[in-house]
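One-letter residues, chain by chain:
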Amino acid sequence: MPLAYPFRVLVARRAAPEAAVLAAVALLVLAGTVDLAPTSVVIALAGGAGATLAGVRLSRLASRRPADTSRVSQSPTGPSPLALGVLLDAAVVVSGLTAATLPLIDTGHRVAALVGSLIVAALSVAGLHRLPGRPPLRAPGRLGALVAATGPAVGLALAAWLLLPADTLSGPARLVAALALGGLGMAALSVFTGPGRRWGAAICRGGVLLTLLGLALLTILPPADRAALLAVPPLVLGMLLTALGADAAVATGGAVATGGAVPTAGRAAPTWPRAVLPAAVVLLAAGLHAAADRTPDRTSVLLALAAVPPLVLRELMRGGEAAAGERRAAHRRRAGRAVRHRRAPQIPWPGPPGQPPERAPATATGLNATWSTGDTGTPTGGAAWPTDGVAWSTLGPGSVAGVGGPADRAALLDALVAIADVPAPAGALLLVDLHGADGLGPVAREDVLAEAVLRARAVVAPGDLVTGCTGTGFAVVTAAGPVLAYALSTRLLTALAPPYRLAGSVLRVQTSIGLAEVAGAGPADVLRQAELARRRAVQLGRDRVEWYDAFLEEQLVRRLDLERELPGAVARGELDLVYQPVLDLADRQPVGAEALLRWRSPVLGTVLPAELLPVAEDLDLVGELEWWVLDRACRQLADWSAGTRELWMAVNVTIRELTTPDFVQRVAAVLAAYAVSPERLVVEVAEPRIGGDLSTVVARLAGLRSLGVRTALDDFRAEHASLAHLRRLPIDLLKIGPELVGSRPTGQPPLIDVVVSVGERLGVEIVAEELELPTQVEGAHRAGCHYGQGFALARPATAERVEAYFEEFPSASR
């Protein structure tokens, strides 16, 4: 069985190692604060821990193959992760070494810290230059951002000037340090609270700035002074965020979990953190300064005055931008009114094969009118559609090759912006993906997509907008509420399900629809959320609709992490086996063990088979993993069989691997390599997965039994079809779950009695698995099960622990 017992993962997010490091660093800082550990030692240990974990992540990023990034990014031709990973890895290593070597320097620590900071800055700048997903910003935007940040940065510099010790720093050095701290602090605040704050590239840049801020504090403050502990949080957190952000930027092309290009439109980020937080810091610093009976000096007054001109200039620029925005809005309204009086052009189009000729003119009209500029309609719910002059791309034969291009994406985002600008916005975005036309030529794919759009237009409301979004699908933007939007999605599934006729042939396609609400999120976020929901619909089997929710996003990000890290896990030595003993229920003596796979990922933690195997199947890595398990299990079985004890070892095999032509020969080779008796190996296959491969499965199991290998049928269900399989399959052991042990309605015997009776007639021994309660163990024993397995008997453990457990039963053998 792939997984004996599922359990709750306490930290399921990909940043679990970072959380552990931060918790340890927090304890170190606390110990330094209460004088349980020297300050310099705390700085060295914390910096080394952060640099080690961040360096491991960045080293893996540098060694990642280009194919690993193209799997999750639609821009695989972007910068190679090698240079990015190497440069940022070197930067965090130098940061850690700088922090770790400060306790070893008696004099001149500021020079050493300054040199280290400059090296880190140079390496980081070179690495960030190779970072994908840097959002484009025009010159006016750069100027506005600079002006908006200058005032708060000067305020932070004033706070630093008031807080820095005047007795250990000269006036010029103190001023330079204050300006550096103010600039770095405001830059980091702008990155973490700006419009692109959730992009991997922004997180990486913010991490670099925090790292430099921590190094600047180490340069200014003596390492033996308790105040130097202030450098530890930004230093460690910055290194970890640098690695996490770079990893996410490379994996998703710059945007965290978007699965596509960096969004070009969205709601503005909240500005209050960039205004309120610096002001709060200044007030706190001024209060501490006054509490120490220190009077303001000339430099502090000049810094306070220097913060005023940028604030005035910022307000003047905002007034100009507001006036320009009003002029652009008025222009769009005039253009929209003018376009409403124009008729959309008619494009002659015969339509796809099989379409009635009388529908062709209406089809062409509908396609062009739907994407016409400034068209308004009355969508479901009765509200007028706020297109406001938005230009929509056409979708028809000859134009599908461009579907999903920048124009389509921009049009889609513009429509979402129009909805978001309405008071109390409502509506939904549907991303529709078609599966099954990949093997066709480009013309046939265009015909399928065009016919799908025709069917969609017959289902959606008159005011709903349809546009291209990918090469194999389209998007629907509707003003309907959540319930009606979901109903529309189900109608689309029904409309797109019938076969498509193509040049005398019939093609059946599957449809996946991702659905996200427009209210409460910016346009770029809505598009990302709908894409994540669409991916989930694909993973769950297609021909379905999936809503977006936050847990869904966490699952899909986790899935992307698994797909990125799993290739090469065998070569890196990250796989491991644990073993769960199988006991004789009569005397509770161990008779064997089942080998269970564990992936000990340094990035993702321990991954169980239930989560690992579906990803391995999609990546075509199941065969590699299962042969590794068989080899390692047989080697362990050889070690256990070297003594007087003879136990069996059960190994799980998928139907796909079992039915390969050379499976029996390869098993024989592994047994011979470790000199293991064939009867000590048990090959398990899951009964629900046999399906249409029954005859091949029978042949392979018979071949294994001819070698002397025992066979087992796992996950057996007491159903008519299962009982029919049981009579045909050449098996030695039958594994049943605890659900068959429980009682049934009055007058009916427990299902386990039926299964045991059939097993006795067929000469099959019964193994009751997943026994978690003593009552289940007793019930299985009373029913006649020979063997038992589960937490109530013995938990899975490492080979050493299981061997020690076996030593408690010196007479155990089979």
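Below or above, wherever it landed, is the structure these notes cover.

Conventions and cut-offs
- Residues numbered from 1 in each chain as written.
- Predicted model: local features only at pLDDT ≥ 70, side-chain atom pairs only at ≥ 80, totals over all residues.
- Heavy atoms only, no water.
- Patch = residues over 30% accessible without salt bridge, like charges linked within 9 Å, V, L, I, M, F, W, Y side chains within 5 Å.
- Areas by Shrake-Rupley, 256 points an atom, 1.4 Å probe, with all protein chains shown as cover.
- Salt bridge = Lys/Arg side-chain N within 4 Å of Asp/Glu carboxyl O.
- Lys, Arg positive; Asp, Glu negative; His and termini not counted.
- Charge placed at Lys NZ, Arg CZ, Asp CG, Glu CD.
- Helix = DSSP H or I, 4+ residues; strand = E, 2+ residues; numbered from the N terminus.
- Polar contact = N/O pair within 3.5 Å; in protein donor to acceptor, adjacent residues only side chain to side chain.
- Contact = heavy atoms within 4.5 Å.
- Phe/Tyr/Trp six-rings, centres within 6.5 Å; stacked < 30°, edge-to-face > 60°.
- Buried < 20%, exposed > 50% of the residue type's maximum accessible area, 1.4 Å probe, protein only.
- Lys NZ or Arg CZ within 6 Å of the ring centre and 35° of its normal.
- Pairing = 2+ DSSP bridges.

## Quick word on a negative patch on the surface
- Residues Asp639, Glu800, Glu803 and Glu807 make up a contiguous surface patch of negative charge.
- One can find glutamate 800 in helix H27 (residues 799–806).

## Points about the side chain of serine 300
- Here serine 300 is to be found in helix H11 (residues 298–306).
- Among the polar contacts listed, one links the side chain of serine 300 to the backbone oxygen of aspartate 297, at a separation of 2.8 Å.
- Look past the residues within four positions of serine 300 in its chain and what remains in contact with it is Leu158, Trp161 and Leu162.

## Points about the packing of aromatic side chains
- Scanning all chains against the criterion turns up six aromatic pairs.
- Geometrically, the ring pair formed by tryptophan 648 and tyrosine 787 is edge-to-face, given 5.2 Å between the ring centres and 80 degrees between the ring planes. Taken together, the residues tryptophan 648 in strand E11 (residues 648–652) and tyrosine 787 in strand E16 (residues 787–788) connect sequence positions 139 residues apart.
- Tyrosine 787 gets classed as buried once you look at its relative accessible area, which sits at 1%.
- Joined through ring pairs, the aromatic side chains of Tyr579, Trp640, Tyr805, Phe806 and Phe809 make up one cluster.
- Of note, arginine 455 hangs over the ring of tyrosine 500, and the distance from its end group to the ring centre comes to 3.8 Å.

## As for the pairing of strand E13 (residues 710–716)
- Among the seven residues that make up E13, six are buried, leaving the element largely enclosed by the rest of the structure.
- Pairing of strand E12 (residues 681–686) with E13 involves five bridges; the strand directions are parallel. Among the inter-strand pairings, valine 685 is bridged to a residue of E13, identified as leucine 713.
- When E13 meets strand E14 (residues 733–736), the two strands line up parallel, connected through three bridges. Its bridge partner lying in E14, phenylalanine 716 is registered against isoleucine 736.

So, to be careful, I would describe these as geometric facts and stop short of saying anything about function.
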